[in-house]
Amino acid sequence: MSQKLVLTTLVILVLSACTGTESMLVEEGPLAGINITIDPGHGDTQAYDSFRIGQTGEREEWINLRVAKLLSQKLSRAGANVLMTRGKDRDVSLGGRAALARLHQSDLFVSIHHNGSVNDLGMDFPLVYFFGAASLNPASVDFAKILLDSMRAEMTFNQQQAGAAYSDHLIYSSGTSVLRNTVDDMPGVIGEGGFFTHPAGEGRLKSKEYNKLEAEIYYKAILDYFERGTPSATPLIPDSLKFIDLGKPIEFELDDGFGNTFFEENSFMVLQDDEKIQSSWDSNSGILTAVPDSSQEKRVTFQVFARNLKGNAMHPVPFKFLTEFGYDWYSHGKWFEAFNEAEVVYTQIASPDIETSENQLVLIDASLHLYQLSLELQIVHPQARLAEEKILWLLEKKQDLLEVDLSEELEAQKGRLKDYYPE
Ligand SMILES: [Zn+2]
């Protein structure tokens, strides 16, 4: 990104030298051209929510919106492309907020909240949440720590040194909706800049001046974060790739965020479907080469981890590929192609020519797969009930042949027939 940045700056300088106009100069800095989504939490809950309110009537969603607007103006002035998930006191669904952030192709997602406690009105400290396990979400944790440190250093809390950057899995076992639904695309946090249920805290949060200070804290944290550069990885695979060959190494081209390849030693890691696989780094070429494991899955996901010399971790966006097996599985375009082929294979199973049970099993698996594929391609099709019945029969046959317990699958299939296809 930095090479591009230098080029743009040069072009602007040349342009302004030629025309002599100052107005051609656009502010260039770490935030220029960065996409950021600012999400003011909640909205329009006054009619039914008696929790998000301080003792003198200030509501959380109002504070969130004031801070978010001030922050958004500052970021825009610095050249960032800012998207606010709401600009008024209105509600936006959690799924909608995440979808907006993804559509905006955000480099960072920041959800602005303030805390409340009904049990302990004395509580007042900052919290910043990130999604999931810290080790799997290092870029979000980096930003969360920068934000928390600067909240502690410059804002006022009753418990000034309390608070932390915490996983959102502490609140909900599967994490928060907005962070869960953005983490595959961008780093993100939920900031909680103090408690509106604390009497003095509410007083502060009501004040425009204090809202300005808080917006400034967020702004500086965002600036700090992007000044350290945002490393990225690009898988080097041809556009024509239909499926990934797991027998061959996969290469990733790394950028430290400044157009260079300076990374902390030993900070490299590649995960394939959450398991670490072997990888080696070549600092000269900037290529990280990973050796995939074989997989029975239809799809595999790779994630790349590395940390640049400024201390910023790469956000491990999942790179998803079809395997050869997956490619075969999905290669039928129409339900009836899969269904007709299933019927052909199905008749072969009972054929007297098929003697060994091993061969029979291969045919059973193939027709099972094809019947299931016909339903995957078109869940309601003219032969759907027949396909489901055949699947049940095939599972029974497979259980007999293999002498394994498939009772769970069988029960599930019987349940489907009974519930979805009443006679
Ligand atoms: Zn909230």
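What counts and what doesn't
Residues numbered from 1 in each chain as written. Predicted model: local features only at pLDDT ≥ 70, side-chain atom pairs only at ≥ 80, totals over all residues. Heavy atoms only, no water. Donors = N, O, S within 2.8 Å, 3.2 Å for Na, K, Ca; no water. Helix = DSSP H or I, 4+ residues; strand = E, 2+ residues; numbered from the N terminus. Buried < 20%, exposed > 50% of the residue type's maximum accessible area, 1.4 Å probe, protein only. pLDDT = per-residue confidence, 0-100. Contact = heavy atoms within 4.5 Å. Pairing = 2+ DSSP bridges. Axes fitted to C-alpha atoms, helices over the stretch in contact; angles between N-to-C directions. Parallel < 35°, antiparallel > 145°, perpendicular 65-115°, else oblique. Left-handed = near helix turned anticlockwise from the far one by under 90°. Nonpolar A, V, L, I, M, F, W, Y, C, P; charged D, E, K, R; others polar. Right-handed = clockwise from strand over helix to strand, strands pointing away. Phe/Tyr/Trp six-rings, centres within 6.5 Å; stacked < 30°, edge-to-face > 60°. Lys NZ or Arg CZ within 6 Å of the ring centre and 35° of its normal.

A.B. asks: Please explain the coordination of the zinc ion as it appears in this structure.
C.D. replies: Six octahedral donors around a metal ideally subtend angles of 90 or 180 degrees, whereas four tetrahedral donors ideally subtend 109.5 degrees. Looking at the zinc ion, one finds its protein donor set to be His-42 (NE2), Glu-60 (OE), Glu-60 (OE) and His-113 (ND1), positioned 2.1 to 2.8 Å from the metal centre. Linear spacing of the donor residues for the zinc ion on their chain is H-x17-E-x52-H. Placement of the pair is His-42 in the loop between β1 (35–40) and α2 (60–77) and Glu-60 in helix α2, with a sequence separation of 18 residues. Of the two residues, His-42 and Glu-60, neither departs from the other in class, the shared state being buried.

A.B. asks: Would you take a moment to explain the confidence of the model for the protein chain for this structure?
C.D. replies: Confidence along the protein chain averages 91 in pLDDT terms, with 93% of residues attaining 70 or more. Below a pLDDT of 50 lies the segment residues 1–26, which in the model reaches 23 contacts outside its immediate sequence neighbourhood of four places, other chains included.

A.B. asks: I tried to follow the sheet that holds strand β5 (residues 164–167) on my own but got confused; where do I start?
C.D. replies: Working definition: the strands of a sheet are paired by backbone hydrogen bonds and lie parallel or antiparallel to each other. Taking strand neighbours across the sheet as the criterion, the 6 strands line up as β2-β1-β3-β6-β4-β5 in an open arrangement whose pairing is mixed. Both edges of this open sheet fall to β2 (81–84) and β5, since each of them pairs with a single strand only. Across the sheet, the axes of successive neighbouring strands diverge by a mean angle of 25°, strand direction being ignored. With 5 bridges joining them, β1 and strand β3 (residues 108–115) adopt parallel strand pairing. Each residue of the ladder has a partner; that of Ile-38, found in β3, is Val-110. With respect to the sheet, helix α4 (residues 138–154) is in contact with β3, β4 (126–130), β5 and β6 (188–195), its orientation differing from that of β4 by roughly 175°. This element, helix α7 (residues 208–227), spans β1, β3 and β6 of the sheet and lies at about 150° to β3.

A.B. asks: I keep staring at the side chain of Lys-390 and nothing clicks. Help me out?
C.D. replies: With respect to the helices and strands, the residue Lys-390 is situated in helix α11 (residues 384–402). Relative accessible area serves as the criterion here: at 13%, Lys-390 is assigned to the buried category.

A.B. asks: Any chance you could explain the packing of helix α9 (residues 335–349) against helix α10 (residues 357–377) here in plain terms?
C.D. replies: Axis angle and axis distance: for two packed helices, these are the angle between their axes and the distance between the axes, and together they describe the pair. Running from N to C, α9 and α10 cross one another at 155°; their axes reach a closest spacing of 8 Å. On the basis of their axis angle, the class for α9 and α10 is roughly antiparallel. Between α9 and α10 lies a crossing whose hand is left-handed. Taken together, the residues of α10 that come into contact with α9 (itself represented by Trp-335, Ala-338, Phe-339, Glu-341, Ala-342, Glu-343, Val-345, Tyr-346, Gln-348 and Ile-349) are Gln-360, Leu-363, Ile-364, Ala-366, Ser-367, Leu-370, Tyr-371, Leu-373, Ser-374 and Leu-377. Residues belonging to the contact of α9 with α10 are distributed by class as follows: 14 nonpolar, 4 polar and 2 charged.

A.B. asks: How should the pairing of β1 be read in this particular structure?
C.D. replies: Successive residues of a regular strand alternate their side chains across the two faces of the sheet. Most of β1 is tucked away: 6 of the 6 residues are buried. Side chains Asn-35, Thr-37 and Asp-39 project from β1 onto one buried face, and the interleaved Ile-36, Ile-38 and Pro-40 project onto a second face that is buried too. Taken together, the 4 bridges between β1 and β2 define a ladder with parallel strand orientation. Residue Ile-38 lies in a different strand from β2, and its bridge partner there is Met-84. In terms of handedness, the path from β1 via α2 over to β2 forms a crossover that is right-handed.

A.B. asks: Sorry, what's going on with the sheet that holds strand β13 (residues 299–305) here?
C.D. replies: Pairing is antiparallel across the open sheet formed by 4 strands, whose spatial order is β10-β9-β13-β14. If you trace the sheet from one side to the other, it starts and ends with β10 (275–277) and β14 (319–322), each paired once. Each neighbouring strand pair of the sheet contributes to a mean axis angle of 30°, computed without reference to strand direction. By the bridge criterion, 4 bridges tie β13 to β14 in an arrangement that is antiparallel. Bridge pairing links Thr-301 to Lys-320 in β14.

A.B. asks: What is the right way to read unusual backbone geometry from this model?
C.D. replies: Among all residues except glycine, the phi angle is most often negative; among peptide bonds, the trans geometry is most common. In the Ramachandran plot, Asp-44 falls in the positive-phi region, its phi being about 55° despite a non-glycine side chain. For Asp-44, the location among the structural elements is in the loop between β1 and α2. You can call Asp-44 partly exposed: its relative accessible area is 45%.

A.B. asks: Even after reading the chapter, I still don't get the packing of aromatic side chains, so can you show me in this structure?
C.D. replies: Given two aromatic rings, their pairing is described by the distance between the two centres and the angle made by the two planes. Across all of its chains, the model carries 16 aromatic pairs by this definition. A centroid spacing of 5.6 Å and a plane angle of 85° characterise the contact between Trp-335 and Phe-336, whose relative ring orientation is edge-to-face. Ring-pair connections join several aromatic residues into one group, and the members of that group are Trp-335, Phe-336, Phe-339, Tyr-346, Tyr-371 and Trp-393. Over the ring of Tyr-219 we find Lys-74, and its NZ or CZ is 5.4 Å from the ring centre. The lysine or arginine in question, Lys-390, covers the ring of Tyr-346, its NZ or CZ lying 4.4 Å from the ring centre.

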